[in-house]
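Chain residues, written in single-letter form:
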Amino acid sequence: MAVALAPHAPVIAAPASTGAAGGAAVAVDRVSRTFAGPHGDVVAVDDVSLDVAEGEFVVIVGPSGCGKTTLLRMIAGLETPITGRILVSAPDNRPVRNAMVFQGRSVFPWLSVEANVAYGLKLDGVSRAEQREKTSNLLSLVGLSRFAKAWPHQLSEGMRQRVAIARALAVDPQMLLMDEPFGALDEQTRFILQEELLRIWEATGNTVVFVTHSIDEALTLADRVVVMSAQPGRIKAEIPIAFDRPRDQATVRSDPRFAEKFATIWSLLKEEVQEARRSAGEMVR
Amino acid sequence: MSMSSRRVIEVALTLLAPAILLVAWELISRSGRVNQVFWPPPSSLWDTAVKMVRNDGLFTDIRVSLVRIVGGFLLGSIPGIALGLAMGLSWPVRVFMMPIATALYAIPKIALLPLVIIALGTGETAKWAIVAISIFFLVALNTMSGVLTLDPVYRDVAHNFQASRTQLFFGVALPGSMPAIFTGLRLALGFSLIVIVGTEFLSPSQGIGALIWKSYSILAIKKMYVGLILTAILGWLLILALDLVERLVVPWNRSTS
């Protein structure tokens, strides 16, 4: 059964004790979204349709300002489409829960690491004992058990992003929505967190929609890469990535198809970046 | 450098500035180039202070002023925080309150004293009220800016976890604005002291301000100096107390821990 997810309608929490939640499916159907700008309306997302299967790992890449974050926020219910609709459904008719991992510093600085992870559980009214148990399991999953009582400002950027991921996983979401979660990290930390994310995804069977502008990151993670064009934001191409799983940084890069896929995606993106520069130049003239 | 030796240097530097001031004052006063009636050496003020405690009820004056400051401070800052949160979270409230808030914020608060006396008389209520009025909008505006400058991603996170309006308020807006609220409270505490001393000048019955003004009127200059020094010490202790409260309420803030 498909559950129509009205953008701000409350979605009932999945029972928190179910452990691995399985995946949700997403059907984005001819969705558009405009924002009021200083020189009239800006079309952020224009007539986009996208299907994501249960348990699929989809990565959206595109130049800056192509509306990929807006698309993700609409799937999360944080923005309302102007036209079109977004359907989110779970295979077992359960209400769908999504959890978003945001760009930058989204960990609450006024809560300790463990209180951050337990935030969603507390809002769901989960018992304290269960909150404690889940939080400690998740902290050991992301390797932060020793820092349970620490304040976020005492952690590194990479550790804070681990907290954000643990906080999202705590509510057993069937779908993880990730908006450039590793964008601010140094390369080594990013590689490690990508591998950790793959491990978690393989264990939970979640659906993941992941936004990035790194082609490398997209190829490492995705079942399918969606390339978006800018101004207005449209889907330009969808490229399946059939590298073997389980993956890690080494196996992905040694796959003979890596270079070919990289070239395909880069040539698509290059057109977009050049087009964006041309139109910016015209506006200056 | 170890943390403890850094701490020793901190304390030493903190005490050094007032020490230099007092020594310079003492030397100038004893040099014979100034009239000691008006510029008495600070060392002579101790005896005066002791006599004032014994004969003039100096502690009563301190207590009276302290109660007025703390009472007025709480009376003004708690509703100020509430209004500031409302102004930060709701744009209609903000647009509605902004003209009044900015206009009254700019008035020298002591200019409102005649109005307060007309409305409330010259008793303690009026003293609390003038302090409360003086700091109300200051605290409200600082709190509002704390809410407005809060990173919108925190609201997104709360919405993503389906937080109710109440949960958004108590879980995000209030704790997130705490550093800005305390900045406002620190300013407000200074204002409270200024306003209460000014008020006690103009309506002198009791309190440190009254002590300073009455001593000046009868040319009891040493007593006036004792009052001035006590005002400075009182202000310092009040800020210290507020810092302590901040450390308890906002233990997560990098600048306080």
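To keep things clear, this report deals only with the structure shown in the data block. Quick caveat: nothing in here was measured; it's all calculated off a predicted structure.

### Regarding the layout of surface pockets
Point 1. Approximately 580 Å³ is the volume attributed to the largest pocket.
Point 2. Forming the boundary of the largest pocket are 21 residues, of which Ala115(A), Ala118(A), Tyr119(A), Lys122(A) and Gln131(A) lie nearest the centre.
Point 3. In terms of residue class, the lining of the largest pocket is built from 10 nonpolar, 6 polar and 5 charged.
Point 4. If you go around the second largest pocket, the residues you meet are Thr14(B), Leu15(B), Pro18(B), Leu21(B), Leu22(B), Trp25(B), Ile229(B), Ala232(B), Ile233(B) and Trp236(B).
Point 5. Of all elements in the fold, only α1 (3-30) and α10 (221-249) of chain B reach the threshold of two or more residues within the lining of the second largest pocket.

### Focus: the sheet that holds strand β4 (residues 57-61) of chain A
Residue and element names in this part refer to chain A.
Point 1. Across the sheet, 6 strands lie side by side as β6-β7-β8-β4-β9-β10; this open sheet has mixed pairing. Here the strands that pair on one side only, and so sit at the sheet edges, are β6 (98-101) and β10 (234-240). Taken pair by pair, the neighbouring strands of this sheet meet at an average axis angle of 20°, ignoring direction.
Point 2. Sheet topology places strand β9 (residues 224-229) next to β10; 6 bridges connect them, and they run antiparallel. Its bridge partner lying in β10, methionine 228 is registered against isoleucine 235.

### Let's talk about the side chain of Ser215(B)
Residue and element names in this part refer to chain B.
Point 1. Tracing the sequence through the fold places serine 215 in helix α9 (residues 208-217).
Point 2. Owing to a relative accessible area of 4%, serine 215 belongs among the buried residues under this scheme.
Point 3. Here leucine 211 takes part through its backbone oxygen, which lies 2.6 Å from a polar atom of the side chain of serine 215.
Point 4. When residues no more than four places from it in sequence are discounted, the contact partners of serine 215 are Ala220, Lys223 and Met224.

### Focus on the nonpolar core
Point 1. Residues Val28(A), Phe57(A), Leu71(A), Phe210(A), Val227(A), Ile265(A) and Val172(B) are the most contacted members of the largest nonpolar core, which totals 139 residues.
Point 2. No other element matches helix α8 (residues 165-202) of chain B, which puts 13 residues into this core.
Point 3. Discounting chain neighbours no more than four positions away, the residues touching Ile265(A) are Val61(A), Ile215(A), Leu219(A), Val225(A), Val227(A) and Ile239(A).
Point 4. Counting 8 residues, the second-largest nonpolar core is a separate cluster that includes Met97(B), Phe137(B), Ala140(B) and Leu141(B).

### Some points on the pattern of salt bridges
Point 1. Scanning the entire structure with this criterion turns up 27 salt bridges over all chains.
Point 2. One salt bridge connects Glu56(A) with Arg224(A), and the closest N-O pair in it is separated by 2.9 Å. Highlighted residues: Glu56(A) in the loop between β3 (40-52) and β4 and Arg224(A) in strand β9, separated in sequence by 168 residues. Across the pair, exposure class does not vary: Glu56(A) and Arg224(A) are buried alike.
Point 3. One salt bridge connects Glu26(B) with Arg30(B), and the closest N-O pair in it is separated by 2.6 Å. Here Glu26(B) and its partner Arg30(B) are both found in helix α1, 4 residues apart, which amounts to about one turn of the helix.
Point 4. The exposure class assigned to Arg30(B) is exposed, which follows from its relative accessible area of 54%.

Calculation notes
- Residues numbered from 1 in each chain as written.
- Chains lettered and ligands numbered in written order.
- Predicted model: local features only at pLDDT ≥ 70, side-chain atom pairs only at ≥ 80, totals over all residues.
- Heavy atoms only, no water.
- 1 Å grid on protein atoms, 1.4 Å probe; cavity = no way out; pocket = protein on both sides within 12 Å on 5 of 7 lines; lining within 4 Å.
- Points joined across faces, edges and corners; volume = space filled by probe spheres on them.
- Nonpolar A, V, L, I, M, F, W, Y, C, P; charged D, E, K, R; others polar.
- Helix = DSSP H or I, 4+ residues; strand = E, 2+ residues; numbered from the N terminus.
- Pairing = 2+ DSSP bridges.
- Axes fitted to C-alpha atoms, helices over the stretch in contact; angles between N-to-C directions.
- Buried < 20%, exposed > 50% of the residue type's maximum accessible area, 1.4 Å probe, protein only.
- Polar contact = N/O pair within 3.5 Å; in protein donor to acceptor, adjacent residues only side chain to side chain.
- Contact = heavy atoms within 4.5 Å.
- Core = buried A, V, L, I, M, F, W, Y, C linked by side-chain atoms within 4.5 Å.
- Salt bridge = Lys/Arg side-chain N within 4 Å of Asp/Glu carboxyl O.

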